[in-house]
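An overview of the molecular structure
What follows is each chain in one-letter form.
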Amino acid sequence: MDTATHITMGIALGGLATLDPVVQQDSTLFNAVMVGTIIGSHAPDFDTILKLRNNAAYLRNHRGITHSVPAVIFWGIAISSVIYLFVPEVNFLHLWLWTFLAVIFHVFVDIFNAYGTQAYRPFTKKWVAYGFISTFDPYIFSFHIIGIIAWVLGANPGYTWLVIYFIILLYYIKRYLDKREIVSYIHQHFENIEKVTTSPTTKQNIWRIAIITKDYYFVGRVEDGHIKVDDQFEKIPVPANELFSVAKRDKNIAAFLSFSPIYRWEWNVYDDFSEVRFYDLRYRNEGHYPFVAIVQIDDNMRIMNSYTGWVFSEEKLQTKLNTIKQLTT
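Described in the following lines is the structure provided in the data block. The residue numbering used here restarts from 1 in each chain and proceeds along that chain's sequence as written. Confidence filtering applies because this is a predicted model: local features only for residues at pLDDT of at least 70, side-chain atom pairs given and counted only at 80 or more, and all residues used for totals across whole chains, interfaces and linings. Side-chain metrics rest on all non-hydrogen atoms present in the structure, leaving aside hydrogens and water.

A few points about the side chain of aspartate 137
Labels follow the DSSP assignment, with helices taken as runs of H or I lasting at least four residues and strands as runs of E lasting at least two, numbered in each case from the N terminus. Looking at where aspartate 137 falls in the secondary structure, it is placed in the loop between helix H6 (92–110) and helix H7 (138–152). Burial classification: accessible surface area is computed with a 1.4 Å probe over protein chains only, and a residue below 20% of its type maximum counts as buried, one above 50% as exposed, and the rest as partly exposed. In this charge count, Lys and Arg are treated as positive and Asp and Glu as negative; neither His nor the chain ends contribute. Salt bridge, as used here, is a side-chain nitrogen of Lys or Arg placed within 4 Å of a carboxyl oxygen of Asp or Glu. Among buried charged residues, aspartate 137 stands out as having no salt bridge; its nearest opposite-charge side chain is arginine 175, 4.8 Å away. Of note is the side chain of aspartate 137, whose polar atom sits 3.1 Å from the backbone nitrogen of isoleucine 140. Not counting chain neighbours up to four residues away, the residues in contact with aspartate 137 comprise Met1 and Tyr171. Here a polar contact is taken to be a pair of N or O atoms separated by no more than 3.5 Å, where protein atoms must pair a possible hydrogen donor with a possible acceptor and residues adjacent in sequence count only if both atoms sit in side chains. Only heavy atoms enter the contact rule, under which two residues are in contact if any of them lie within 4.5 Å.

Structure representation (structure tokens):
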């Protein structure tokens, strides 16, 4: 989920903590728990700082190890321990339990969008992305804002959040059933399907879809129960030659390929270098595929330049490549 939603979820869990008799009877503990749930609800995304290093490091690690089983345990203990240093008189067990719950809840809700997480590490590095809740869902966020306003106006926080989270649970079930219906519909209209990815939009009746079949990639939308194919690409294997072998060793290309489950590639040859591009097909936007990885390799098989990330025009991509080239020369 997005940062704003995670923070409001932390506030909600702090409100739910008032149902805990130990927290309810100790205002100092309640304040400590509230700090713990807010920080804990955002802690796994502290890896965003990797953007300061480079996009490849961020892409390889965001929602990766910081969302893993060991990391979830670490965040819960570390955050509650730091808070406990400032308020040692509070009940540490209950402080840790609610903080730990906030961390778990963060990772749990992240697995339902298209981006996903590596929540099952170290058992597997597979990305878990169920793809039926938008990264920013206006309904879920609005429910939390309503809950916060009701709390400020004097509503009982514990019971208020119980009701709201019951409604959100029903909403999750509804979106899951929507996805099942869409995937079933897709299987009725396409043959030899190998993989389907879904990405809900902020509109309830519109979903983005990307489909891999035996021979083709299909990219499109499902609107009001109708499939609209926007692009169709022949499924051509990545060439097994020296150029692509060098390309795959580049940090940006390797990061992209470790993350993207559905992509197509391009190979362009110029006077003194070759250029390889990979496009993630899940994120089509106005006829453009903004999530891209690109590497330029000279005739001596040396990497000249590379980039991975979000770019929404060829002009901006060339600007980024030129900037990187200037920084490395």
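Section: unusual backbone geometry
A negative phi holds for most residues other than glycine; trans holds for most peptide bonds. The residue after arginine 121, namely proline 122, is reached through a cis peptide bond having omega 10°. With respect to the helices, strands and loops of the structure, proline 122 is situated in the loop between H6 and H7. Backbone geometry at aspartate 224 places phi at a positive 50°, although glycine is not the residue there. Within the secondary structure layout, aspartate 224 lies in the loop between strand E3 (216–223) and strand E4 (226–234). Positive phi is not limited to glycine here, since glutamate 286 has a value of about 55°. Inspection of the secondary structure puts glutamate 286 in the loop between strand E6 (273–280) and strand E7 (291–298).

Here's the deal with the environment of isoleucine 65
Summarising the element assignment, isoleucine 65 is placed in the loop between helix H4 (55–61) and helix H5 (69–86). Residue classification places isoleucine 65 among the partly exposed residues on the basis of a relative accessible area of 45%. The spacing of isoleucine 65 and glutamate 314 is 249 residues in sequence and 33 Å in space, taken between C-alpha atoms. The contact partners of isoleucine 65, leaving out residues within four places of it in the chain, are Ala71, Gln118 and Arg121.

Here we look at helix H1 (residues 3–16)
Compared with the 20 Å implied by 1.5 Å per residue over 14 residues, the 20 Å span of H1 between its first and last C-alpha is a close match. Turning to H1, its buried residues number three or more, namely Thr5, His6, Thr8, Met9, Gly10, Ala12, Leu13, Gly14, Gly15 and Leu16. Taking the backbone nitrogen of alanine 4 as reference, a side-chain oxygen 3.3 Å away marks aspartate 2 as the first, capping residue of H1. Each residue after the first adds 1.5 Å to the expected span of a helix.

Digging into the packing of H1 against H7
Between the N-to-C directions of two axes lies an angle of 0 to 180 degrees, each axis being a line fitted to C-alpha atoms and, for a helix, fitted only over the stretch in contact. Here H1 crosses H7 at 40°, and the two axes come no closer than 10 Å. By the angle class used here, H1 and H7 are oblique. Seen from above, H1 lies across H7 with left-handed handedness. Here Ala4, Thr5, Thr8, Met9, Ile11, Ala12, Gly14 and Gly15 of H1 come into contact with H7, specifically with Ile140, Phe141, His144, Ile145, Ile148 and Trp151. In terms of residue class, the contact of H1 with H7 is made up of nine nonpolar, five polar and no charged. Oblique is the label for every angle not falling under 35 degrees (roughly parallel), over 145 degrees (roughly antiparallel), or within 65 to 115 degrees (roughly perpendicular). By convention the crossing between two helices is left-handed if the near helix lies anticlockwise of the far one by an angle smaller than a right angle, and right-handed if it lies clockwise. Gly is put with the polar residues, along with every residue not named as nonpolar or charged; the nonpolar set is Ala, Val, Leu, Ile, Met, Phe, Trp, Tyr, Cys and Pro, and the charged set is Asp, Glu, Lys and Arg.

Comments concerning helix H10 (residues 251–259)
Each turn of an α-helix holds 3.6 residues, which means side chains three or four residues apart point in the same direction. Those residues of H10 not exposed but buried are Asn252, Ile253, Ala254, Ala255, Phe256 and Phe259. For H10, the N-terminal cap is aspartate 250; the gap from its side-chain oxygen to the backbone nitrogen of asparagine 252 is 2.9 Å.

Focus: the sheet that holds E6
Paired strands, in this sense, are two strands between which DSSP finds at least two bridges. In space, the four strands of this open sheet follow the order E5-E6-E7-E8, with antiparallel pairing throughout. The sheet terminates laterally at strand E5 (263–269) and strand E8 (303–310), the two strands that pair on one side only. When strand polarity is set aside, the average angle formed by the axes of neighbouring strands in this sheet is 10°. In this structure, E7 lies alongside E8, joined through seven bridges in antiparallel fashion.

Looking at the packing of aromatic side chains
Working definition: a ring pair exists when centres of Phe, Tyr or Trp rings (six-membered ring for Trp) sit within 6.5 Å. Plane angles under 30 degrees give stacked, over 60 give edge-to-face, the rest tilted. Applying the stated criterion across every chain yields a total of 28 aromatic pairs. Ring geometry for phenylalanine 112 against tyrosine 172: centres 5.3 Å apart, planes inclined by 80°, an arrangement best described as edge-to-face. Here tyrosine 172 lies in helix H8 (residues 157–189) and phenylalanine 112 lies in the loop between H6 and H7, a separation of 60 residues in the sequence. Given a relative accessible area of 10%, phenylalanine 112 falls into the buried group. Under the relative-accessibility criterion, tyrosine 172 is labelled buried at 11%. Clustering of aromatic rings is evident, with ring pairs tying together Phe256, Phe259, Tyr263, Phe278, Tyr283, Phe291 and Trp310.

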